[in-house]
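Structure assessment
The chain contents come next:
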Amino acid sequence: MSTPCLPIAPAAPATRRTRQAQVAWGSRVVTVGGDAPVRVQSMTNTDTQDAIGTAIQVKELAIAGSELVRITVNTPEAAAQVPYIREQLDRMGIDVPLIGDFHYNGHRLLQDYPACAEALSKYRINPGNVGKGDKRDRQFGQMIEAALRWNKPVRIGVNWGSLDQELLAQLMDENALRAQPWDAKSVMYEALITSALESARFAQEEGMRQEQVILSCKVSGVQDLIAVYRELAKRCDNPLHLGLTEAGMGTKGTVASSVVLGILLQEGIGDTIRVSLTPQPGESRTQEVVIASEILQSLGLRSFVPSVTACPGCGRTTSTTFQELAKQIDDYLRAQMPVWRDKYPGVEKMKVAVMGCIVNGPGESKHADIGISLPGTGEAPAAPVFIDGQKALTLRGDNIVSEFHQLVETYVEKRFGTQPAAAEAA
Ligand code: SF4
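Identification of the protein as 4-hydroxy-3-methylbut-2-en-1-yl diphosphate synthase (flavodoxin) from Caenimonas sedimenti is taken from an unreviewed UniProt entry. UniProt annotates the protein under Catalytic activity (unreviewed entry) with the comment "(2E)-4-hydroxy-3-methylbut-2-enyl diphosphate + oxidized [flavodoxin] + H2O + 2 H(+) = 2-C-methyl-D-erythritol 2,4-cyclic diphosphate + reduced [flavodoxin]".

Structure representation (structure tokens):
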């Protein structure tokens, strides 16, 4: 075995190198790109005409941790409700910017509903369906004009499901003239990136500042998204919104989004992320926010909630106590965060371990801020608790779960309760 001459370097996400956009409403601002933390974004699935229902879902998404929320603005009736939705959120004290998602008629809606244009904090423009032929530049220009009038950033959001067909046809014609034509996929990649960059250039020619033009090129294949964003990041320094479009449902959507966002974020690509998960019937819309937050937390890019380290369990523990405790602690910690975030600054970085037996239980618990090693099959019915790496006490009897719960509360109060509030850069 050779002797290493250098210590092993820790892995860390590469530095992002984009400009910084300001997404504002009133005097409040969420920064995107530059030195801002990677932001979590989400989108409602309510009918925007239902202002109360939409405001409630925006509130749920914001409380779950979404820092920007996009809403559909597809009809005059929906546009008319946008200022009212903003008003409801302000009344409820929900500090989150609203992004208007426009397709086909955004130029008209932004012109005809100035209160909507004002209430939104950012406009999403899809260059693939802003208009065809000579209407395209005019209608795109009208949307940029509204952004300039109301001082809003835009996201030029290209999607391969609605790619600019005229541009694609043009690139295919050019490709046919190449001595060695590219394959169809490469032409598609090029069309996605060209659509975003050409639209950004147009917006800048109309007067938009580059940093106020956020770009995205969404596709639904993991390898396709990696290829497109690597190239997009090379060719521009606009802030980038990242997400796998139509990720799918449940495990498939979660895994695919986690894999692709993890790879790109590790390479320093992506300033806002969205996990476009199809909710399971009856599942909360907030699941996409939870997953996006977990992706950022897993990579060490952000901390949102204290993390619970729990072993998977095996034949050494046939009781479900540790599974129940891990679940209860996780649910409890998440439920506390809306209050704890301000009351206990830094608590989001806390690590809690809930382990199933003596094999890895004490070791893993010592690595956590507070951990418990529950007894496995055949072990004495005792659960040592470790606090800050030291064995603090041993719990016994039928109330281990509630007693550990109390120990966590006491630890949080003692460790994080006396610090001065430290607000994260908005
Ligand atoms: S800590 Fe014990 S119960 Fe948990 S997975 Fe490891 S050996 Fe199994």
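Once that is clear, we can look at the domain arrangement of the protein. Each assigned domain of the protein is listed with its residue range as follows: domain 1 (19-299) and domain 2 (307-413). Taking only C-alpha atoms, the centre of domain 1 and the centre of domain 2 are 39 Å apart. Listed per partner, the contact involves four residues of domain 1 and five residues of domain 2. Of the roughly 300 Å² buried between domain 1 and domain 2, counting both surfaces, carbon and sulfur atoms make up 33%.

Around the ligand lies a shell formed by C311, P312, G313, C314, R316, T317, M355, G356, C357, V359 and N360. Of the residues contributing to the shell around the ligand, the split by class is six nonpolar, four polar and one charged.

On to the sheet that holds strand 3 (residues 39-43). The strand order across the open sheet built from eight strands is 8-7-6-5-4-3-11-9, with neighbouring strands paired in parallel fashion. The sheet is open, and its two edges are formed by strand 8 (213-218) and strand 9 (241-242), each paired on a single side. Pairing geometry for strand 3 and strand 11 (residues 272-273), over two bridges, is parallel. Within strand 11, the residue paired with R39 across the bridge is T272.

Scanning the model with the defined rule gives four aromatic pairs in all. An angle of 90° between the planes, with centres 6.0 Å apart, marks the rings of F102 and Y123 as edge-to-face. Note that F102 is positioned in strand 5 (residues 98-102) and Y123 in strand 6 (residues 122-125), a separation of 21 residues in sequence. Geometrically, the ring pair formed by Y332 and W340 is edge-to-face, given 5.7 Å between the ring centres and 85° between the ring planes. Across the pair, W340 and Y332 agree in class, each one buried. R136 extends its terminal NZ or CZ atom over the ring of F140, reaching a point 5.5 Å from the ring centre. The aromatic ring of W182 is capped on one face by R178, whose charged end is 3.7 Å from the ring centroid.

With that settled, the discussion passes to the packing of helix 8 (residues 222-235) against helix 9 (residues 250-266). For the pair helix 8 and helix 9, the least separation of the axes is 10 Å and the interaxial angle reads 25°. With respect to each other, helix 8 and helix 9 are oriented roughly parallel. Classified by chirality, the crossing of helix 9 by helix 8 is right-handed. Residue-level contacts link V222, L225, I226, Y229 and R230 of helix 8 to A256, V259, V260, I263 and L264 of helix 9. A breakdown of the residues in the contact of helix 8 with helix 9 according to their chemical character gives nine nonpolar, no polar and one charged.

What follows is about helix 6 (residues 165-176). Helix length check: helix 6, at twelve residues, gives a terminal C-alpha distance of 16 Å against a target of 16 Å (1.5 Å per residue), a fit within 8%. Within helix 6 the residues assigned to the buried category are L167, L168, L171 and N175. Considered in projection along helix 6, the buried side chains sweep an arc of 100° and stay on one side of the axis. Turned more than 90 degrees away from the buried face of helix 6 sit Q165, D173 and A176, all of them exposed. Elements that come into contact with the buried residues of helix 6 comprise helix 7 (184-205). Its side-chain oxygen placed 3.0 Å from the backbone nitrogen of E166, D164 serves as the N-cap of helix 6.

As for its placement among the helices and strands, A9 is situated in the segment before strand 1 (20-25). Separated by 191 residues in the primary sequence, A9 and A200 place their C-alpha atoms 38 Å from one another.

Taken together, the five strands give an open sheet; going across it, the order is 13-14-15-16-17, and neighbouring strands pair in mixed fashion. The open sheet has two free edges, formed respectively by strand 13 (307-310) and strand 17 (390-396), since each of these has just one partner strand. Averaged over all pairs of adjacent strands, the angle between their axes in this sheet comes to 20°, without regard to strand direction. Here helix 11 (residues 321-343) sits on the sheet in contact with strand 13, strand 14 (351-355) and strand 15 (370-373), set at roughly 160° to strand 14.

Parameters and conventions
Residues numbered from 1 in each chain as written. Predicted model: local features only at pLDDT ≥ 70, side-chain atom pairs only at ≥ 80, totals over all residues. Heavy atoms only, no water. UniProt positions renumbered as here; feature names shortened; annotations may be inferred. Domains from an automatic or database assignment. Contact = heavy atoms within 4.5 Å. Buried area = accessible area lost by both parts, 1.4 Å probe. Near = heavy atom within 4 Å. Nonpolar A, V, L, I, M, F, W, Y, C, P; charged D, E, K, R; others polar. Pairing = 2+ DSSP bridges. Helix = DSSP H or I, 4+ residues; strand = E, 2+ residues; numbered from the N terminus. Phe/Tyr/Trp six-rings, centres within 6.5 Å; stacked < 30°, edge-to-face > 60°. Buried < 20%, exposed > 50% of the residue type's maximum accessible area, 1.4 Å probe, protein only. Lys NZ or Arg CZ within 6 Å of the ring centre and 35° of its normal. Axes fitted to C-alpha atoms, helices over the stretch in contact; angles between N-to-C directions. Parallel < 35°, antiparallel > 145°, perpendicular 65-115°, else oblique. Left-handed = near helix turned anticlockwise from the far one by under 90°. Expected span 1.5 Å × (residues − 1). Arc of directions from axis to C-beta. Polar contact = N/O pair within 3.5 Å; in protein donor to acceptor, adjacent residues only side chain to side chain.

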